Amino acid sequence: MAGTSTVVTEQGGEEDRVWTGGCLCGGVRYAIDVRPEPISFCHCAQCRRQHSHVGAYTGAPRAALRLLNDATLTWYASSSRARRGFCACCGAGLFWEALDQDPADGEPRITVTVGSLDDATGLRVERHIFVDHKGAYYDIGDDGVERRTSTGEVVA
Amino acid sequence: MSGNGNGREGSGDQGQALSGGCLCGGVRFLLAERPDEVVNCHCGQCRRFHGHIGAYITVPRDTVIFDADETLTWYRSSDFAERGFCGRCGSSLFWKGDGKSEIEIAAGSLDQPTGLQTLRHGYVEGKADYYEITDGLEQFPGSAEVE
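Treat the numbers as computed from the prediction; the structure is a model and nothing was measured.

Peer 1: It is not clear to me how the overall build of chain B should be interpreted in this structure. Could you clarify?
Peer 2: Each helix and strand in chain B was counted, giving 1 helix and 11 strands. N-terminal to C-terminal, the α/β element order of chain B is β-β-β-α-β-β-β-β-β-β-β-β. By the burial criterion, 41% of the 147 residues in chain B qualify as buried. Relative to all contacts within chain B whose residues are 6 or more apart in sequence, the contacts with residues 24 or more apart total 56%.

What follows is the structure, encoded as structure tokens:
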């Protein structure tokens, strides 16, 4: 497996670990009670605008995310089907949440910017997505990570 | 568009003026001068602000012309700098050091394509554990500013 490292495996007794994170100013703080999902780097134009570069997201069941402080958390409807959460005081980008989640598809998820997590995350990167929408001002680099287009096609 | 035929994407010497803004359009700007390059920042503050690494150009402040700034909000992120973002859509846009004549603008806020190239990585000492730098560009433990 790519990204195999020394992190404790899911069978290895990390039941007690809680992943915490938040914005720059502390107006938003959260805890995730389960191991967050592997990371996707998103090269879409919306992430590029909002994060002003590549988006980096992990995810978790919505029920596993506990907001410890949400005094400054603000939501922006970035499309008809999703909203983005950020801190209105310091501008840190925090969450992306689909609005049209069907309960029949399983428990609702929320995605969380990896950069908002407190170090060390112990998380690994799973894939690059929307690579066909990538900005031309940077290269992804030879990282060996799977790359997918906006249609889900695996291109590397 | 310059139309001079030699402005290959990434050559950095095109005559095309750059413009940019946030996701919702509450902040829009034009740049009267073209920057030379994009420099990535791996510091912990950029990571929180952008949700991942920062990627910045640097231009003289007086060459940034705002068409819209109604939602532009400033946050004092340290005792020597402020960060600018859109208070409506949360786009993370600017870094402004106190007393400096220049402003740093996050490259993803620019309208694409830019013709710019990323050249260096700065503050790699602050890099997080969840990614590696694999593009072969020069890395600096602290500031990547060059004279």
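Peer 1: What is the right way to read the sheet that holds strand E6 (residues 73-79) of chain A from this model?
Peer 2: Two orientations exist for strands paired in a sheet by backbone hydrogen bonds: parallel and antiparallel. Residue and element names in this part refer to chain A. A sheet is described by the order of its strands in space; here 8 strands give the open sequence E6-E7-E8-E9-E4-E3-E10-E11, paired in mixed fashion. The sheet is open, and its two borders are formed by E6 and strand E11 (146-147), each paired with just one other strand. Pairing of E6 with strand E7 (residues 82-87) involves 6 bridges; the strand directions are antiparallel. In the strand pairing of E7, Ala77 is matched with Arg83.

Peer 1: What am I meant to see in the interface of chain B and chain A here?
Peer 2: How big an interface is tends to be stated in terms of the accessible area lost upon association of its parts. Chain B puts 45 residues into the contact, and the matching count from chain A is 42 residues. Where the side of chain B that touches chain A is concerned, the elements lending two or more residues are helix H1 (44-50), strand E4 (54-60), strand E6 (72-78), strand E7 (81-86) and strand E8 (92-97) of chain B. Of the residues forming the side of chain B that touches chain A, the biggest block, 5 residues, is contributed by H1(B).

Peer 1: Even after reading the chapter, I still don't get the environment of Cys22(B), so can you show me in this structure?
Peer 2: Residue position: Cys22(B) is located in the loop between strand E1 (18-21) and strand E2 (27-31). Residues Cys22(B) and Arg88(B) lie 66 residues apart in sequence; the distance between their C-alpha atoms is 9.4 Å.

What counts, and where the lines are drawn
- Residues numbered from 1 in each chain as written.
- Chains lettered and ligands numbered in written order.
- Predicted model: local features only at pLDDT ≥ 70, side-chain atom pairs only at ≥ 80, totals over all residues.
- Helix = DSSP H or I, 4+ residues; strand = E, 2+ residues; numbered from the N terminus.
- Buried ≥ 20, exposed ≤ 12 C-beta atoms within 10 Å, placed from the backbone.
- Contact = placed C-beta atoms within 7 Å.
- Pairing = 2+ DSSP bridges.

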